[in-house]
Structure formats: C-alpha cells, structure tokens
Amino acid sequence: NAGVTQTPKFQVLKTGQSMTLQCAQDMNHEYMSWYRQDPGMGLRLIHYSVGAGITDQGEVPNGYNVSRSTTEDFPLRLLSAAPSQTSVYFCASSPGTGSSYEQYFGPGTRLTVT
Amino acid sequence: GNSVTQMEGPVTLSEEAFLTINCTYTATGYPSLFWYVQYPGEGLQLLLKATKADDKGSNKGFEATYRKETTSFHLEKGSVQVSDSAVYFCALSEKGTAGNKLTFGGGTRVLVKP
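Residues numbered from 1 in each chain as written. Chains lettered and ligands numbered in written order. Predicted model: local features only at pLDDT ≥ 70, side-chain atom pairs only at ≥ 80, totals over all residues. Heavy atoms only, no water.

Undergrad: Give a detailed account of the overall build of chain B, specifying residues and quantitative values.
TA: A count of helical and extended segments in chain B gives zero helices and 12 strands. Taking 114 residues into account, the globule formula puts the C-alpha radius of gyration at 13 Å, and chain B, at 14 Å, falls close to it. Overall size of chain B, expressed as C-alpha extent along the three principal axes, is 45 × 30 × 20 Å. For chain B, contacts bridging at least 24 residues in sequence account for 56% of all contacts bridging at least 6. Accessible area for chain B stands at about 5,300 Å²; split by element, carbon and sulfur atoms hold 47% of it. With 11 positive and 11 negative side-chain charges, chain B shows a separation of 6 Å between the mean positions of the two kinds. (Helix = DSSP H or I, 4+ residues; strand = E, 2+ residues; numbered from the N terminus. Rg over C-alpha atoms; globule rule 2.2 N^0.38 Å. Contact = heavy atoms within 4.5 Å. Areas by Shrake-Rupley, 256 points an atom, 1.4 Å probe, with all protein chains shown as cover. Lys, Arg positive; Asp, Glu negative; His and termini not counted. Charge placed at Lys NZ, Arg CZ, Asp CG, Glu CD.)

Undergrad: Before we move on, can you summarise the nonpolar core with the specific residues and values?
TA: Counting 26 residues, the largest nonpolar core has Trp 35, Phe 73, Leu 75 and Tyr 88 of chain B as its most contacted members. Of all elements in the fold, only β2 (11-14), β3 (19-21), β4 (23-26), β5 (32-38), β6 (44-50), β8 (62-65), β10 (86-93) and β12 (108-113) of chain B reach the threshold of two or more residues within this core. Counting residues in hydrophobic clusters, the runner-up holds 19 residues, among them Met 32, Tyr 64, Val 66 and Tyr 89 of chain A. (Core = buried A, V, L, I, M, F, W, Y, C linked by side-chain atoms within 4.5 Å. Buried < 20%, exposed > 50% of the residue type's maximum accessible area, 1.4 Å probe, protein only.)

Undergrad: Which residues make up the state of the cysteines, and what values do they have?
TA: Cysteine pairs can be linked by a disulfide, which is a covalent bond between their two sulfur atoms. All names here are of chain A. Tallying each qualifying case throughout the model produces two disulfides over all chains. Across a sulfur-sulfur distance of 1.9 Å, Cys 23 and Cys 91 are joined as a disulfide pair. Between Cys 23 and Cys 91, the disulfide has an S-S torsion of -70° and is therefore left-handed. Here Cys 23 is found in strand β3 (residues 19-25), whereas its partner Cys 91 is found in strand β9 (residues 87-94), with 68 residues between them in sequence. Residue Cys 23 is classed as buried on the basis of its relative accessible area of 1%. (Disulfide = S-S within 2.5 Å.)

Undergrad: Summarise the interface of chain A and chain B; cite the residues concerned and give the values.
TA: Taken residue by residue, the interface counts 23 residues in chain A and 23 residues in chain B. Here chain A packs against chain B, burying approximately 1,700 Å² in sum over the two surfaces, 53% of which is carbon and sulfur. Where chain A touches chain B, the interface holds zero salt bridges. Where chain A meets chain B, there are three residue pairs in polar contact (both at pLDDT 80 or more). At the level of secondary structure, the elements contributing two or more residues to the side of chain A that touches chain B comprise β4 (31-37), β5 (43-51) and β9 of chain A. In terms of residue class, the side of chain A that touches chain B is built from 11 nonpolar, 11 polar and one charged. (Buried area = accessible area lost by both parts, 1.4 Å probe. Salt bridge = Lys/Arg side-chain N within 4 Å of Asp/Glu carboxyl O. Polar contact = N/O pair within 3.5 Å; in protein donor to acceptor, adjacent residues only side chain to side chain. Nonpolar A, V, L, I, M, F, W, Y, C, P; charged D, E, K, R; others polar.)

If you want it as structure tokens, here you go:
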C-alpha cells in the first residue's frame, strides 16, 4: 500500500491564482480530511469527508473548496490564493469515523503564495 | 470549544536523558487522546493513544496516561535517543462528533544531542 499520497510536494503561487492540491489513499478509508500547519499553531482542520459525496467544513474553511467523488480521492481547491494561505497542507485518512480511530497522514504540500 | 495546550519548545536533551512533554486539554465531552510525532520532512504519524480515563498508551518506549481529574496526557520517555528528535503533537478527538476531527496542540520540538 502506498498509504496517503499528496501532490505536489512544493508549490509557489501568485496572489489570485487558483490550484488544486491532490490527495489519494489506497486503504479504502471512509474518512478523509485536510489540515493546514502553521508555526506554533499545530494543525487546524480545513474540511473533512465521512464518505464519497459527503463533505463538511472544519475550523478554517474559508478560501478552500473540496469534493469527494470517489472513496480514494479528496482534492483541495484554492480558488483565489492569498498570502494568508501560505502554509503546509496535510491530507489524512482514517478507517472509521469514531473518535478512537487513528488518522494516517500524507507527506504534505508546502505552499507559498506571493 | 475544545483546546489542547502543550509546552512550547524547543526542548534540548542529551542522549539517555528523561523526556517529559506536558499536555493539558479542554473538552466538553470525553475525548480520545493522542500523541503524534513528525520527523523532519515527513507527515505526522501516530505515536500512542488512550481512549478512556486511566488508560495508558505506550509505544517505542514512550508512555502517556489519560488523567481525567487533571485533564492531562503528559508524554514521557525514560531514555531518549538521537533518533527521537522530532516535533511532538498532543491531540484530542471528541466522542459523538460527526467524523473524528482532531484538535491539536501547537507542537513541541525535541532535539536530542549525542
């Protein structure tokens, strides 16, 4: 199993540009999520999905869109990038939706918006 | 709302020293508690977890006990190695929520010197 994969690893955008961060998992996990990591703030939840066709907002959803058309993929879209979105983005998946389930994280995408 | 507070780093230790990282939490219900570790350039991976009061999680020589009376989940290791150099995150996931959303502390960087 490849686990959770993310592409690209690094990206530089100009303010106002759009892009999609890709995330895929091959473990048939129901639950997938996106976090952003900023210095001293830990990880904060952006959006999550409890199954194909079902998504919901996390703590910091503004400026981001998601969709989940398949179990495997959960892309994160930035429609109009802003410098405040400079961060490291992590995708995660989990085999269940209960609170005791471990989450498996991808290697991250480092995004810089100039 | 939920929150997790952990000691700020960096924590610098010599090899074979004793490590403690304090973590306290605020939650409205009865959360599951986790320690995740992030090695340089990688995503997060689960180190240990505890799902109810007085549970002790352990892995790779690390231990943490779920203390409901003090709302704490401190991480300890008796003898650290250089390979333990990483950022450690305390996190909680509250039972009964839709999806297993994680709330993270700010992370504690640990540097172990030979």
